[in-house]
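Given next are the chains, with one letter for each unit.
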Amino acid sequence: GGMFMDYLRTRLGEAVIFEMCHQYAAKPVPYGLNRLFLEVTGVPLKTLYDDFTRDTLARAQSVRDQVQAAGETASDRLTFTGENKGDALVERDGTLIIPISDGLERSAIFSYPADAVGDDARRTKLALSSSAASISLDDAGNLFYVRPAPFRENYRYRDLFVLRKGERDAEQLTEGARIKDAAVSPTGNEVALVTNAAGITRLEMMNVSDGARRLLIPENDDWHYYAPRFSPDGKTLAFIWRKKGRVDVALMDLATGHTFFVTGDDAIEEGVTFSPDGRYLLFVSGVTGITNIFARDMASGALKQVTNVVSGAMSPVLAPDGRTLYFLKYYSEGWDLHRTVVDLDGLPLFIPPFDRTVTPRSLHAVQTTSSPYNPLPTFRPYSWELSLKNTGGQRILDIGTYIEDAARLHAMNLRYNYELNSRRPVFAASYSYSGLLPRFQLSFSYSQEAVNTGYLVGGTPAPWTRESFGGEIGFSIPVMGLDANHSLSAGYSLDFNAPVETLEVVVDPNGELPEMPTQNFRTGIRVGWSYSDVFSGPFSISREDGRSLSFGVRLYHPALGGNREQAVFYWDWREYRQVPFARHHALALELAGQAYISNPNHQASFTAGGYSTQDVLDAVINGTSMGLPMIRGYAREFASGDHYQSLRLEYRFPIWQAQLAYETLPFFFDRVYGAVFSDNLLISYTQFTMEDFYSSLGMELVWSFDLGYYMPILLRTGYAHGLMDKGNNEFILLLGGSF
């Protein structure tokens, strides 16, 4: 997309792009991109895109031909998963260590035995981290790496960890250091750090024993550093230095502090490392127009090109033999590990094809002032929603807006619904503040609804209108872990409902006694806890690994200000596991339940049954989805009780990753996956018996789409059959319904 926009800029000029943006934003009906491009440029979008693809392909083929004519580097592809991988290391015994984020499982640092590099079945997971882990080894084999870690229970900053040789648990060495890159010295006594704070990048040296840090280069707003790496003797530090528009390789003599540049052109360099004997400095550069690996002779300063590939080479590392080179090569699926054999001494000198020396450009000074933050100037609505819905036979006008300030400390949701048939309003508002710990939430709601029960006149039910007020003030505290998160929450709520109109009490001495609607006034407190370490990758059809747990209680009592004695308990346990024999096949389990305890008994109840009716077209238009019922394969609200326990089991499997679209139509067909499930439920007002047990079996196909270029849609089709007496055959067609 970015390349296509740059193609339009160079061919048509920036003014045309601005004009298209303005005209598109002014149109009341979205989409119609072909028509928009035709109106502004005189050429349809499809024609321009076809021209762009032909031009891009021609240039790519020309580059490929040039590389192949010069001799493309032969190498063995060791991995085939693509996505992201980080800089690798090779231990003295040939063991390869590399961070991998391939979307197939949690991102981590893995090790491969020397004779099994690339064999995923024989790799070992050392520590969880992303592909940007910035790993390094000291001479003792201790692994130092960088990964995000909690800080002050509200942030995640990149900190330094060490996994000592032979141990399973890593030790965190810094807290809130905001480290971008790190490299340990051969002795393991010091670590070179690239840190960031207040927009300033620092190159520092940290003492491992006491954590003391010192600057290696004075601070400068225009200087940025990347990828430090020690020489094998620990006397020299190599790093990338971005200085006023230039990105070059630099070397620092740690004894004297003397620093000089190894490169001096307008190319981007990265990924520095030393050969095991320290005679060569390897780095990555795009000086030829393709990202390739180069080597600098540390004694003579001679520069040599190590790789010559079509798509780009990154992250070089030499094995202890000084000849086996591992590097990452780019494919359409992402980066994969390659291996080749090189003779650095025998490579010819590299001479750039033309002069790429760059004169640093002058930067425009920007005048800034600082003042205490005031949220009010930016605390306003940034979007509005207006829709017409059909729910339960009612036509509902829905208006909503979201308000927040620039720093996202304050946020407010406002929503107003009006039932056009019954002319009854529903209003809801919520406010949250994230500038403190614990976080603060405040909500209020008001609604009216028609009720046909609870009001008897002469023994006959009479309709009446109930109005309900609700409000809550609450707090939540995140408890952040390295790879899992907890959350604690508490709140005080108020619920009140009563008839809108004054209801008459008609007493017939010869008739049945009248019955008046109960006026509820509940006030209570709630506490809750949740935990999650659930994983879902970019290619996953659903959650594939981990678990989530939650538990809570809501207590109502006259001592808290209301007229009800009631307690509600809830619990939920969800478990997800990858099937070992097939990728993206997953088992999902959920064990959940709720229970009311009240005085008098049975003041409230739960109802169970299959899906309710959904207008699929209306749900698509309004972006709504349906939740999962307690049990499928039974009629809606077929059973009730004031406590229940449910167990779900699902086996999910991919069927087809379609990824199809037609030209510029705002419709993208992503994938289809299937599920075989069993729902099981116990629900009752009394002690559970086998008569309270219900079970069902079923199958589903889930169709994943994107509408309007951005809105994900899950269309669920399937069949469920209830196995007990009250069971039926339920055919499923709806949006949503997943756990």
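Residues numbered from 1 in each chain as written. Predicted model: local features only at pLDDT ≥ 70, side-chain atom pairs only at ≥ 80, totals over all residues. Heavy atoms only, no water.

Enquirer: Which residues make up the packing of helix α1 (residues 2-12) against helix α4 (residues 45-70), and what are the values?
Expert: Taken N-terminus to C-terminus, the directions of α1 and α4 make an angle of 100°; their axes are 10 Å apart at the nearest point. If you check the angle between α1 and α4, you find them roughly perpendicular. Here Met3, Phe4, Tyr7, Leu8, Arg11 and Leu12 of α1 lie close against α4, whose contacting residues are Leu45, Leu48, Tyr49, Asp51, Phe52, Asp55 and Thr56. Grouping the amino acids of the contact of α1 with α4 by side-chain chemistry returns nine nonpolar, one polar and three charged. (Axes fitted to C-alpha atoms, helices over the stretch in contact; angles between N-to-C directions. Helix = DSSP H or I, 4+ residues; strand = E, 2+ residues; numbered from the N terminus. Parallel < 35°, antiparallel > 145°, perpendicular 65-115°, else oblique. Contact = heavy atoms within 4.5 Å. Nonpolar A, V, L, I, M, F, W, Y, C, P; charged D, E, K, R; others polar.)

Enquirer: An account of the packing of aromatic side chains is requested, with residue identities and associated values reported.
Expert: For the structure shown, the criterion picks out 33 aromatic pairs. Here Tyr634 and Phe638 contribute two aromatic rings whose centre-to-centre distance is 4.7 Å and whose plane-to-plane angle is 20°, an arrangement assigned as stacked. A relative accessible area of 2% means that Tyr634 is categorised as buried. Residue Phe638 is classed as buried on the basis of its relative accessible area, which comes to 15%. Consider the rings of Phe667 and Phe705, whose centres lie 5.2 Å apart with planes at 35°: the pair is tilted. Residue Phe667 is located in strand β43 (residues 667-684), and its partner Phe705 is located in strand β44 (residues 693-707); the two are separated by 38 residues in the primary sequence. When its relative accessible area of 41% is taken as the criterion, Phe667 is described as partly exposed. The class for Phe705 is buried, based on a relative accessible area of 13%. (Phe/Tyr/Trp six-rings, centres within 6.5 Å; stacked < 30°, edge-to-face > 60°. Buried < 20%, exposed > 50% of the residue type's maximum accessible area, 1.4 Å probe, protein only.)

Enquirer: Quick rundown of the confidence of the model for the protein? Include the residues and the values.
Expert: Reading fine detail from the predicted coordinates is not recommended where pLDDT is low. Taken over all residues, the pLDDT of the protein has a mean of 91, while the share at 70 or more is 97%. Of the regions scoring below 50 in pLDDT, residues 358-364 engages in eight contacts with residues more than four places distant in sequence or in other chains. (pLDDT = per-residue confidence, 0-100.)

Enquirer: Quick rundown of helix α2 (residues 14-26)? Include the residues and the values.
Expert: When the terminal C-alpha atoms of α2 are compared, their 19 Å separation across 13 residues agrees well with the 18 Å that a helix rising 1.5 Å per residue should span. Among all positions in α2, only Val16, Ile17 and Met20 are buried. Down the axis of α2, the buried side of the element spans an arc of 100°, and every buried residue falls inside it. Turned more than 90 degrees away from the buried face of α2 sit Ala15, Phe18, His22, Ala25 and Ala26, all of them exposed. Looking at the packing, one finds that the buried side of α2 touches α1 and α3 (33-41). (Expected span 1.5 Å × (residues − 1). Arc of directions from axis to C-beta.)

Enquirer: Any chance you could break down the pattern of salt bridges for me, citing the residues and the numbers?
Expert: Considering all chains together, one arrives at 45 salt bridges under this definition. Here Arg59 ties to Asp55 by a salt bridge, and the two come within 3.1 Å at their closest N and O atoms. Of this pair, Arg59 and Asp55 both sit in helix α4, four residues apart, which is roughly one turn of the helix. For Arg59, a relative accessible area of 47% gives the class partly exposed. With a shortest N-O distance of 3.1 Å, Lys165 and Glu91 are connected by a salt bridge. Placement of Lys165 in the loop between β9 (155-163) and β10 (171-172) and of Glu91 in the loop between β3 (89-90) and β4 (96-101) is noted, with a sequence separation of 74 residues between them. (Salt bridge = Lys/Arg side-chain N within 4 Å of Asp/Glu carboxyl O.)

Enquirer: Give me the lowdown on the pairing of strand β13 (residues 200-207), citing residues and values where you can.
Expert: Taken across its eight residues, β13 has seven buried, putting it largely inside the fold. In terms of strand pairing, strand β12 (residues 190-197) meets β13 through eight bridges, oriented antiparallel. Paired with Ala197 across the two strands is Ile200, which belongs to β13. Hairpin geometry of β12 and β13 is characterised by an intervening segment of two residues between the two adjacent antiparallel strands and by a positive phi of about 55° at Ala198. Bridging between β13 and strand β14 (residues 213-215) involves three bridges; their strand directions are antiparallel. What sits directly across from Glu204, in β14, is Leu215. (Pairing = 2+ DSSP bridges.)

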